[in-house]
Amino acid sequence: MIAAITSVRAEAASTTESATSLDLLVEFAGSDREPITIPREKLYTMGVEKAEVMIPYAEKTVTCTILPVRKLYAYLEVDHSIASAAESYDGYYSIYPTKFVQDYDPYLVLDFDGVEKGSLRLEGTPELGPFYITFAAPLVQGSDEMPDPDNKRPFGDTKMTLGSYDDLLGFMYEGAFANLDAAAKYGRDLYTNNCMSCHAWTAEGPGGVFSNRTAQILSVHAKFNRDYFSKYIINPTQFIPDVKMPKHPHYADEEIDALIAFLSKIEI
């Protein structure tokens, strides 16, 4: 099952220009290393593999040429203990902590067999290119192992930022966030691996800009409008029928309370 956010992004993609470049931009957080643009053809020299991949919207498995993220790291000669973030042409954002890369071996989909190189479009789907990042484990929304796995399966990826987790998200572990209780720590994990895909930390980032509600705005609702905040997360369509945000029926009181505990630490 593909989470509702993918349907929302597909609708947006149908009216939004996809990335004009088929190359991959890589930046390095916390480093003096200059950003580099890797030509698409160069990626094919890094040890690509063939894999059967479930493609969103098409709801079918397709034979694909893939490049494991670990091989990209090797080419760039970066430590495999680093983390990375991916940004998509429509403003979506995904974070890949070190442990996720080590445990799930995510990869970039470069092309579909039988489809012209440079295009990741199948009949009935939006353009998923220039790159689609995913992983093999068949996890679905609400899984005990990972409640929101589709946030780690972004399409339309144009840029990756590599660095230590501290370089990418260290600010979420400092100051008011340095000594969180168990609930707030869980909330931080949920925000980082789900909410942040669409809700940037500030207007300057990091995080996605698929929504214009930053973490600070979410914090206001969490602190002062708890009932609305809770109901909106679970089913936002009850308030705004055509809202972009997906439903989260798998979030119980524990998840809602955790998000409130974390977001309430943000200064307004």
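Regarding helix α8 (residues 226-234)
Okay, step 1: Within α8, the full set of buried residues consists of Tyr228, Phe229, Ser230, Tyr232 and Ile233.
Okay, step 2: Buried-residue contacts for α8 involve α7 (215-224) and α9 (253-263).

Re the packing of aromatic side chains
Okay, step 1: Taken as a whole and judged by the stated rule, the model has 16 aromatic pairs.
Okay, step 2: Considering the side-chain rings of Tyr165 and Tyr173, the 6.0 Å spacing of their centres and the 70° angle between planes classify their relative orientation as edge-to-face.
Okay, step 3: The partly exposed category is assigned to Tyr165, whose relative accessible area is 23%.
Okay, step 4: Residue classification places Tyr173 among the partly exposed positions, given a relative accessible area of 36%.
Okay, step 5: When the centroid spacing of 5.8 Å and the interplanar angle of 75° are considered together, the rings of Tyr191 and Trp201 count as edge-to-face. With Tyr191 in helix α6 (residues 182-193) and Trp201 in the loop between α6 and α7, this residue pair connects regions lying 10 residues apart in the sequence.
Okay, step 6: What makes Trp201 buried here is its relative accessible area of 13%.
Okay, step 7: Put simply, the rings of Phe171, Phe177, Tyr191, Trp201 and Phe262 pair up and form one aromatic cluster.
Okay, step 8: For the cation-ring pair, Lys117 lies above Tyr44, with the distance from its terminal atom to the ring centre recorded as 4.0 Å.

Some points on the sheet that holds strand β3 (residues 49-55)
Okay, step 1: Pairing is antiparallel in the open sheet, where four strands are placed in the order β3-β4-β7-β8. Of all the strands in the sheet, just β3 and β8 (132-134) have a single pairing partner and so form its edges. Here the strands of the sheet are splayed against their neighbours by 50° on average, with no regard to which way each runs.
Okay, step 2: Inspection of the sheet shows β3 paired to strand β4 (residues 60-68) by seven bridges, in the antiparallel sense. Within β4, the position partnered with Met54 by the bridge is Thr61.
Okay, step 3: This element, helix α3 (residues 69-76), spans β3, β4 and β7 (107-112) of the sheet and lies at about 20° to β4.

Focus: the nonpolar core
Okay, step 1: By size, the foremost hydrophobic cluster in this structure holds 29 residues, and its most contacted members are Tyr191, Trp201, Leu259, Phe262 and Leu263.
Okay, step 2: Elements that contribute at least two residues to this core include exactly β5 (83-88), β6 (93-96), α5 (165-169), α6, α7, α8 and α9.
Okay, step 3: If one sorts the elements of this core by residue count, α9 sits on top with six residues.
Okay, step 4: Once you skip the residues sitting within four places of it in the chain, Phe262 turns out to touch Met172, Phe177, Leu180, Ala184, Gly187, Arg188, Tyr191 and Trp201.

Description of the environment of Val48
Okay, step 1: Note on placement: Val48 falls in the loop between α2 (40-43) and β3.
Okay, step 2: The exposure class assigned to Val48 is partly exposed, which follows from its relative accessible area of 28%.
Okay, step 3: Separated by 61 residues in sequence, Val48 and Val109 have C-alpha atoms that sit 9.6 Å apart.
Okay, step 4: Leave out the neighbours within four places in its chain, and Val48 touches Leu43, Thr65, Ile66, Leu67 and Leu110.

What to know about the packing of α6 against α9
Okay, step 1: Close contact between α6 and α9 brings their axes to 7 Å; oriented N to C, the two are set at 95°. Accordingly, the angle class assigned to the pair α6 and α9 is roughly perpendicular. Contact with α6, carried on its side by Ala183, Ala184, Tyr186, Gly187, Arg188, Leu190 and Tyr191, involves Glu254, Glu255, Ala258, Leu259, Ala261, Phe262 and Leu263 of α9 and no other residues of that element.
Okay, step 2: Split into classes, the residues belonging to the contact of α6 with α9 amount to 10 nonpolar, one polar and three charged.

Focus on the confidence of the model for the protein
Okay, step 1: Per-chain confidence: the protein averages 91 in pLDDT, with 93% of residues scoring 70 or above.
Okay, step 2: For the stretch residues 1-5, pLDDT sits under 50, and the model shows 15 contacts to residues farther than four places along the chain or on other chains.
Okay, step 3: Here residues 12-18 scores under 50 on pLDDT; set against residues more than four positions off or in separate chains, the count is seven contacts.

What counts and how
- Every residue gets a number counted from 1 within its own chain, in the order that chain's sequence is written.
- Whole-chain, interface and lining totals are the exception, using all residues; otherwise, since this is a predicted model, local features are given only for residues with pLDDT of at least 70 and side-chain atom pairs are given and counted only at 80 or more.
- Think of the side-chain values as coming from all heavy atoms in the structure, minus any hydrogens and water.
- Note on exposure labels: buried denotes an accessible area under 20% of the residue type's maximum, exposed denotes more than 50%, and partly exposed covers the range between, all computed with a 1.4 Å probe on protein chains only.
- Strands are runs of DSSP state E lasting at least 2 residues, helices are runs of H or I lasting at least 4, and numbering of each runs from the N terminus.
- Contacts were defined at the residue level, with two residues in contact if any of their heavy atoms lie within 4.5 Å.
- Here a pair means two rings of Phe, Tyr or Trp (six-membered ring of Trp) with centres within 6.5 Å. Their orientation is stacked below 30 degrees between planes, edge-to-face above 60, and tilted elsewhere.
- Comment: the charge-over-ring label is applied if NZ (Lys) or CZ (Arg) is within 6 Å of the ring centre and within 35 degrees of the ring normal.
- Strands are treated as partners if at least two bridges between them are detected by DSSP.
- Under this scheme, a helix contributes an axis fitted over its contacting stretch, all axes are lines through C-alpha atoms, and angles between N-to-C directions fall in the 0 to 180 degree range.
- For the purposes of this section, nonpolar cores are sets of buried Ala, Val, Leu, Ile, Met, Phe, Trp, Tyr and Cys residues that join through side-chain atoms within 4.5 Å.
- Here is the rule for angles: anything less than 35 degrees is roughly parallel, anything more than 145 is roughly antiparallel, 65 through 115 is roughly perpendicular, and the remaining ranges are oblique.
- Residue polarity is assigned by list, with Asp, Glu, Lys and Arg as charged and Ala, Val, Leu, Ile, Met, Phe, Trp, Tyr, Cys and Pro as nonpolar; anything else, Gly included, falls into the polar class.
- A score between 0 and 100, pLDDT records how confident the predictor is in each residue.

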